[in-house]
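Understanding the architecture of this molecule
So you can see what is in the structure, the chains are spelled out below.
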Amino acid sequence: MSGQAKVKLATAWLDGCSGCHMSLLDVDELLVALVERVELVYGPLVDAPEYPDAVDVALVEGAVSSVGDQKLAQTIRAKTRILISLGDCAVTSNVPSMRNTIPVQKLLERVYIEGADAAQAIPADGVPALLRHAVPLADVVKVDIHIPGCPPKPGAIAHVLTSLLDGKKPELTGLVKFG
Amino acid sequence: MDSKITIRIDGELVKADRGSTIFETAKAAGKRIPGLCNMKGLKPVGACRLCMVEVAGVNRLLPSCTTPAQEGMSVTIHSARLDAYRKQALELLLSERNHVCAVCVSNGHCELQSLATALGVTNVRYGYRYPKLGVDLSHPRYVLDHNRCILCTRCVRVCAEVEGAHVWDIAGRGIHSMLTCEMNRTWGGSRNCTSCGKCVQVCPTGALAEKGFAVEEMVKRTTSVERLAVVRGGSR
Ligand code: SF4
Ligand code: SF4
Ligand code: SF4
Ligand code: FES
């Protein structure tokens, strides 16, 4: 593998709790191998302001809940070869979708006005507008591989990443579960 | 007349009891067909469509839990085509209601969830419906959460056929079908419920649960109800 260009890996954090990123860091010895073969080019784990061009693999955590999530998801898709939805929030919309039966305005009023003791106001500046529904990543962009789980098992993440590094198609039957 | 007949399952010759279904015949021969609504001792209804099989000479798929095995039949229970259909059926079940396994009482002990794992369902290709559905907390000991119900009718059948109370029915049609308690009473207001808990134990998902259980804690005990159902002579 030496001499070959490193695989460009990005991660992203949409509407999720960061648990999926924790699982990614839990892949143990694979992390060592990854450091040799992979260059982390974007995500909460590195300091990169813009999503770079020509990314090989992106792991995306979280549901698409806001206009901001939607834009980032589209950018990632446009600039990435293999897009992976990581964890139940990205795969099924999971916990973020539990607000989906409540209209957005009602939800915001309940939380920021009825639910607040002081400074009762719905935040508007600098926060992206919520979409009507929090949806799976695949509802917004084409997703190539899904790794369900809340959190996804480090073993499943390791299996997908090593398969891809070895140029093989990952097979997740029996390896992953929702929840 | 010989009480045994012979059929082929995935090419292999298998003896079957006359009058038994394809599902039962396969099971007796140690071959598993997936299924979520069928349960030993209860009358089969063919509600979930996961046990679909191919029968040679029949140009549509048949639910193996309601189809009797017949002498000389040749049945395929595993094929790429069946796998694809079963995955679709399971994804449709997941898309219909609000399954949020991470916060479900049955997480880790759910037949729907484990079948998804076994069939290799890693995502749902159909749009989630996110219906607004209720939770009935009126019973002193049990909970009914419509968000997790797959309308398998195991609860309906066990209550009517084994307990003899007939508390549950399905109301409505198609996508509007809902489990209903005694012509729309709350469960707590039921006149017939003996609080036996059989419906809770046979429910394959987190739709029926005992109160006081947190996420992942609701483990069902189906086998004892199955045994009782067989003794009380539901169907066989
Ligand atoms: S009933 Fe089963 S599939 Fe549905 S949320 Fe609960 S654990 Fe998940
Ligand atoms: S607890 Fe027993 S009697 Fe009551 S609804 Fe369930 S099965 Fe029927
Ligand atoms: S409540 Fe449970 S047993 Fe009854 S129909 Fe729904 S999923 Fe089946
Ligand atoms: S097990 Fe046969 S249709 Fe459900």
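Note that the coordinates shown come from a computational prediction; the quantities given were computed from them, not determined experimentally. (Residues numbered from 1 in each chain as written. Chains lettered and ligands numbered in written order. Predicted model: local features only at pLDDT ≥ 70, side-chain atom pairs only at ≥ 80, totals over all residues. Heavy atoms only, no water.)

1. Quick word on the site of ligand 2
In the vicinity of ligand 2, 13 residues are found, and the nearest of them are Cys159, Cys193, Cys196, Gly197 and Cys199 of chain B. Tallied by class, the residues present in the shell around ligand 2 amount to 9 nonpolar, 3 polar and 1 charged. (Near = heavy atom within 4 Å. Nonpolar A, V, L, I, M, F, W, Y, C, P; charged D, E, K, R; others polar.)

2. Focus on the sheet that holds strand E1 (residues 4-9) of chain B
All names here are of chain B. The strand order across the open sheet built from 5 strands is E2-E1-E5-E3-E4, with neighbouring strands paired in mixed fashion. Strand pairing shows two members of the sheet lacking a second neighbour, strand E2 (12-17) and strand E4 (62-63), which therefore form its edges. In terms of strand pairing, E1 meets strand E5 (residues 74-76) through 2 bridges, oriented parallel. Each residue of the ladder has a partner; that of Arg8, found in E5, is Ser74. (Pairing = 2+ DSSP bridges. Helix = DSSP H or I, 4+ residues; strand = E, 2+ residues; numbered from the N terminus.)

3. Here's the deal with the site of ligand 1
Around ligand 1 lies a shell formed by His99, Val100, Cys101, Cys104, Ser106, Asn107, Cys110, Leu112, Arg148, Thr205 and Gly206 of chain B. Each residue belonging to the shell around ligand 1 can be placed in one class, and the counts come to 5 nonpolar, 5 polar and 1 charged.

4. Observations regarding the packing of aromatic side chains
All names here are of chain B. Taken as a whole and judged by the stated rule, the model has 4 aromatic pairs over all chains. Note on Trp168 and Trp187: the rings are 4.8 Å apart at their centroids and 70° apart in plane angle, and the pair reads as edge-to-face. With Trp168 in strand E8 (residues 168-171) and Trp187 in the loop between strand E9 (178-181) and helix H5 (198-202), this residue pair connects regions lying 19 residues apart in the sequence. The exposure classification of Trp168 matches that of Trp187, with both residues buried. (Phe/Tyr/Trp six-rings, centres within 6.5 Å; stacked < 30°, edge-to-face > 60°. Buried < 20%, exposed > 50% of the residue type's maximum accessible area, 1.4 Å probe, protein only.)

5. A few points about the nonpolar core
Grouped together as the largest cluster of nonpolar side chains are 40 residues, with contacts concentrated most on Leu137 of chain A together with Leu36, Leu50, Leu90 and Leu112 of chain B. Looking at this core, the elements that each hand over two or more residues are strand E1 (7-13), strand E2 (38-42), strand E3 (55-61), helix H3 (67-79) and strand E6 (130-135) of chain A together with helix H2 (80-96) and helix H3 (111-119) of chain B. Residue-level mapping places this core at the junction of two domains, with at least three residues from each of domain 1 (4-78) and domain 2 (100-232) of chain B. Grouped together as the second largest cluster of nonpolar side chains are 29 residues, Val158, Cys159, Ala207 and Ala209 of chain B included. (Core = buried A, V, L, I, M, F, W, Y, C linked by side-chain atoms within 4.5 Å. Domains from an automatic or database assignment.)

6. Considerations on the environment of Ile175 of chain B
Residues and elements named next belong to chain B. If you trace the backbone, Ile175 turns up in the loop between E8 and E9. Exposure remark for Ile175: the relative accessible area of 42% places this residue in the partly exposed category. Spatially, the C-alpha atoms of Ile175 and Val156 are 18 Å apart, while their sequence positions differ by 19 residues. Aside from chain neighbours lying at most four places away, what touches Ile175 is Glu96 and Arg129. (Contact = heavy atoms within 4.5 Å.)

7. So, a nonpolar patch on the surface
Residues and elements named next belong to chain A. Taken together, the side chains of Met22, Leu25, Leu31, Val32, Leu40 and Leu45 present a nonpolar region at the surface, about 490 Å² in accessible area. When residues of the nonpolar patch are traced back to their parent elements, those giving at least two are helix H1 (19-25) and helix H2 (29-37). Here Leu25 shows up in helix H1. (Patch = residues over 30% accessible without salt bridge, like charges linked within 9 Å, V, L, I, M, F, W, Y side chains within 5 Å. Areas by Shrake-Rupley, 256 points an atom, 1.4 Å probe, with all protein chains shown as cover. Salt bridge = Lys/Arg side-chain N within 4 Å of Asp/Glu carboxyl O.)

8. Considerations on the packing of H2 of chain B against H3 of chain B
Residue and element names in this part refer to chain B. Taken N-terminus to C-terminus, the directions of H2 and H3 make an angle of 145°; their axes are 10 Å apart at the nearest point. When the axes of H2 and H3 are compared, the crossing they make is left-handed. Contact with H2, carried on its side by Arg86, Lys87, Leu90, Leu93 and Leu94, involves Leu112, Leu115, Ala116 and Leu119 of H3 and no other residues of that element. (Axes fitted to C-alpha atoms, helices over the stretch in contact; angles between N-to-C directions. Left-handed = near helix turned anticlockwise from the far one by under 90°.)

9. What to know about the domain arrangement of chain B
Residue and element names in this part refer to chain B. As far as domains go, chain B holds domain 1 (4-78) and domain 2 (100-232). When each unit is reduced to the centre of its C-alpha atoms, the spacing between domain 1 and domain 2 is 25 Å. Contact residues are listed per partner, giving 14 residues for domain 1 and 20 residues for domain 2. Overall, the association of domain 1 and domain 2 removes approximately 1300 Å² of surface from exposure, summing both partners, and the carbon and sulfur fraction of that is 68%. Along the contact surface separating domain 1 from domain 2 lie 0 salt bridges. Summed over the shared surface of domain 1 and domain 2, the number is 4 residue pairs in polar contact (both at pLDDT 80 or more). When its residues are assigned to classes, the side of domain 1 that touches domain 2 shows 9 nonpolar, 3 polar and 2 charged. (Buried area = accessible area lost by both parts, 1.4 Å probe. Polar contact = N/O pair within 3.5 Å; in protein donor to acceptor, adjacent residues only side chain to side chain.)

10. Description of the interface of chain A and chain B
How big an interface is tends to be stated in terms of the accessible area lost upon association of its parts. With 23 residues of chain A in contact, the opposing surface of chain B contributes 20 residues. Carbon and sulfur atoms make up 66% of the surface buried where chain A meets chain B, a total of about 1700 Å² over both sides. Contact with chain B buries surface across chain A, with Thr101, Lys177 and Phe178 of chain A losing the most and accounting together for 33% of the total. Here chain A is connected to chain B by 0 salt bridges. Across the chain A-chain B interface, the total number found is 7 residue pairs in polar contact (both at pLDDT 80 or more). Partitioning the side of chain A that touches chain B into residue classes produces 11 nonpolar, 11 polar and 1 charged.

11. Notes on the sheet that holds strand E7 (residues 145-147) of chain A
Residue and element names in this part refer to chain A. Spatially, the 5 strands line up as an open sheet ordered E2-E1-E3-E5-E7, and their pairing is parallel. Looking at which strands have only one partner, the edges of the open sheet turn out to be E2 and E7. Between one strand and the next, the sheet's axes are offset by a mean angle of 25°, whatever the strand orientation. As judged from the 4 bridges shared by E1 and E2, these two strands associate in the parallel manner. Residue pairing across strands places Leu9 opposite Leu40, the latter belonging to E2. Contacts from H2 reach E1 and E2, with the element oriented near 80° to E2. Against the sheet, helix H6 (residues 154-165) makes contact with E1, E2, E3, strand E5 (80-86) and E7, and its axis sits at roughly 155° relative to E7, the strand it touches most.

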